[in-house]
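Single-letter residue listing:
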Amino acid sequence: FLEALNGLLTLVLIVLIAIAGVLVYGVMTFNADGQFEDDRTFVVEPGNALTTVAQRLEEQGLVSNAMVFRLGARALDRDADLKAGEFNIAAHSSMNDILRELTEGRAIQYQVVIPEGFTAWQVVERVNADENLTGNISVLPPEGSLLPGAYAYRRGDTRESVIARMTEAMDAALAEVWEGRNADIPIETPEELLILASIVEKETGLASEREQVAGVFANRLRIGMRLQSDPTIIYGITLGQSTLGRGLRRSEIDQATPYNTYQIDRLPPGPIANPGV
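Residues numbered from 1 in each chain as written. Predicted model: local features only at pLDDT ≥ 70, side-chain atom pairs only at ≥ 80, totals over all residues. Heavy atoms only, no water.

Visitor: Lay out the packing of helix α3 (residues 66-75) against helix α4 (residues 95-104) with the relevant residues and their values.
Guide: In contact at an axis separation of 10 Å, α3 and α4 are set at 60° when each is read in the N-to-C sense. By the angle between their directions, the pair α3 and α4 is classed as oblique. For the pair α3 and α4, the sense of crossing is right-handed. Between α3 and α4, the residues in contact are Val68, Phe69 and Ala73 and Met95, Ile98 and Leu99, respectively. When its residues are assigned to classes, the contact of α3 with α4 shows six nonpolar, no polar and no charged. (Axes fitted to C-alpha atoms, helices over the stretch in contact; angles between N-to-C directions. Helix = DSSP H or I, 4+ residues; strand = E, 2+ residues; numbered from the N terminus. Parallel < 35°, antiparallel > 145°, perpendicular 65-115°, else oblique. Left-handed = near helix turned anticlockwise from the far one by under 90°. Contact = heavy atoms within 4.5 Å. Nonpolar A, V, L, I, M, F, W, Y, C, P; charged D, E, K, R; others polar.)

Visitor: Go over the pattern of salt bridges, please, and point to the residues and values.
Guide: Applying the stated criterion across every chain yields a total of eleven salt bridges. Its salt-bridge partner being Arg266, residue Glu192 comes within 3.5 Å of it at the nearest N-O pair. On the criterion of sequence distance, the pair formed by Glu192 in helix α7 (residues 190-203) and Arg266 in the segment after α10 (250-254) is long-range, its members being 74 residues apart. Residue Glu192 is classed as buried on the basis of its relative accessible area of 18%. Arg226 is the salt-bridge partner of Asp265, the closest N and O atoms lying 3.1 Å from each other. Note that Asp265 is positioned in the segment after α10 and Arg226 in the loop between α8 (207-223) and α9 (230-238), a separation of 39 residues in sequence. Through salt bridges with shared partners, a single network forms among Arg78, Asp81 and Glu104. (Salt bridge = Lys/Arg side-chain N within 4 Å of Asp/Glu carboxyl O. Buried < 20%, exposed > 50% of the residue type's maximum accessible area, 1.4 Å probe, protein only.)

Visitor: Can you tell me about the nonpolar core, naming the residues and giving the values?
Guide: Judged by nonpolar contacts, the single largest core of 34 residues is most densely connected at Val112, Val123, Val127, Met166 and Leu267. Of all the secondary structure elements, the ones that give two or more residues to this core are β3 (109-114), α5 (120-129), β4 (149-154), α6 (159-179), α7 and α8. No other element matches the seven residues that α6 contributes to this core. Other than its neighbours up to four places away in sequence, Leu267 contacts Ile187, Glu192, Ile195, Leu196, Ile199, Leu221 and Leu227. Phe36, Val44, Ala54 and Val68 belong to the second-largest nonpolar core, a separate cluster that totals 22 residues. (Core = buried A, V, L, I, M, F, W, Y, C linked by side-chain atoms within 4.5 Å.)

Visitor: Which residues make up the environment of Asn128, and what values go with them?
Guide: In this structure, Asn128 sits in helix α5. With 31 residues separating them in the primary sequence, Asn128 and Arg159 have C-alpha atoms 7.1 Å apart. With near-sequence residues (within four places) excluded, Asn128 lies in contact with Ile137 and Arg159.

Visitor: So what about the packing of α5 against α6? Which residues, and what values?
Guide: Packing of α5 against α6 leaves a shortest axis separation of 10 Å and a crossing angle of 140°. With respect to α6, the element α5 is oriented oblique. As for the relative orientation of α5 and α6, their crossing is right-handed in sense. Contact residues: Val123, Val127 and Asn128 in α5; Arg159, Ile163 and Met166 in α6. By residue class, the composition of the contact of α5 with α6 is four nonpolar, one polar and one charged.

Visitor: Which residues make up α9, and what values do they have?
Guide: Regarding α9, the residues found buried are Pro231, Thr232, Ile233, Tyr235 and Thr238. Contacts made by the buried residues of α9 are with α7 and α10. Looking one or two places after α9, you find Leu239, whose phi comes out positive at around 55°.

Visitor: Outline unusual backbone geometry, supporting the account with residue identities and numerical values.
Guide: In this model, His92 sits at a positive phi of 65°, which is unusual for a non-glycine residue. On the basis of relative accessibility, which here comes to 33%, the residue His92 falls in the partly exposed class. You will see that Gln228, though not glycine, has its phi angle at about 50°, which is positive. Considering the arrangement of structural elements, one finds Gln228 in the loop between α8 and α9. With a relative accessible area of 34%, Gln228 lands in the partly exposed category.

Here it is in C-alpha cells:
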C-alpha cells in the first residue's frame, strides 16, 4: 500500500511539475516579443470570435501559437472584449500587447469626403468606390438629403451607415439654419430653404459670391420674377446622374420641365444638389 501510495504521489508530483512547466511556457510565450520586424495592420471583422481571431493572427505571423493567445485572453478575462475594426500592430508586439491593442486600442480611421454641390447620385458613386466600406446602397437617397463634408469611418463599416450619418447631419444642419434664419426672406418652409440653397450652390463655387447670388434669387422670389437659373435646367435634363458636358441649347431653355426655372414660377419641386451649410 505504501509503495502504491508513494508511486501515486510521485505521479501527481510529475503531473504538477508538467502543468507548472506548461504554464510557465505559456506565460513566457504570451509576453515574449513578436518575431515580425515591421508594423502591421490587422482587421477584426464584426462578429469575429476569439478562436477565429487567434487563428488568423497565427496565419499572418503575428502570434506564434493561436492556442496560447486564446488561453491568455481567457485567463485575463478579455476574450469577449475584442473590438471590430482595423488596428495597427507595432513591430515585435507580444501576444499581450496585441490583445491589449485589439481590446483597448482605437481602430484606424478612414475618411470619405463629399464636396459641396455633389448630387445624391455622385455621393453614392463616391461611397460605392471606397473599397474599405462594405455592403450596398439599395436605394438612391433623396436629392438634397446628404450633408457634404468629411466622414470618418472604420474599415468594414457599411456604406449604408455612412449614408445614414450624412442624412442625420443634413437634418440637424437644416433645422439649425432654419431656426436662425432671417424672417424676412421669401421662403416658407425648411424644404424651400434647402431647394434655394442647392440652386445657389450650383450657381457659384465661390463662397464669397454666395451671399450676393442668394440675394438676387431672394429678390426675384419676392417680386414674383422667375429665378432663371441655368443649373436647374441642367438638372432637369440629367437628374443629377451625369454632367451635361456642353452649353445649354436654346431649345432646352425653352422646354418646359419641372426644374426649368426659366419656364416655371418660384422654386422647382426639389433640390438640385446637396448644398453645404
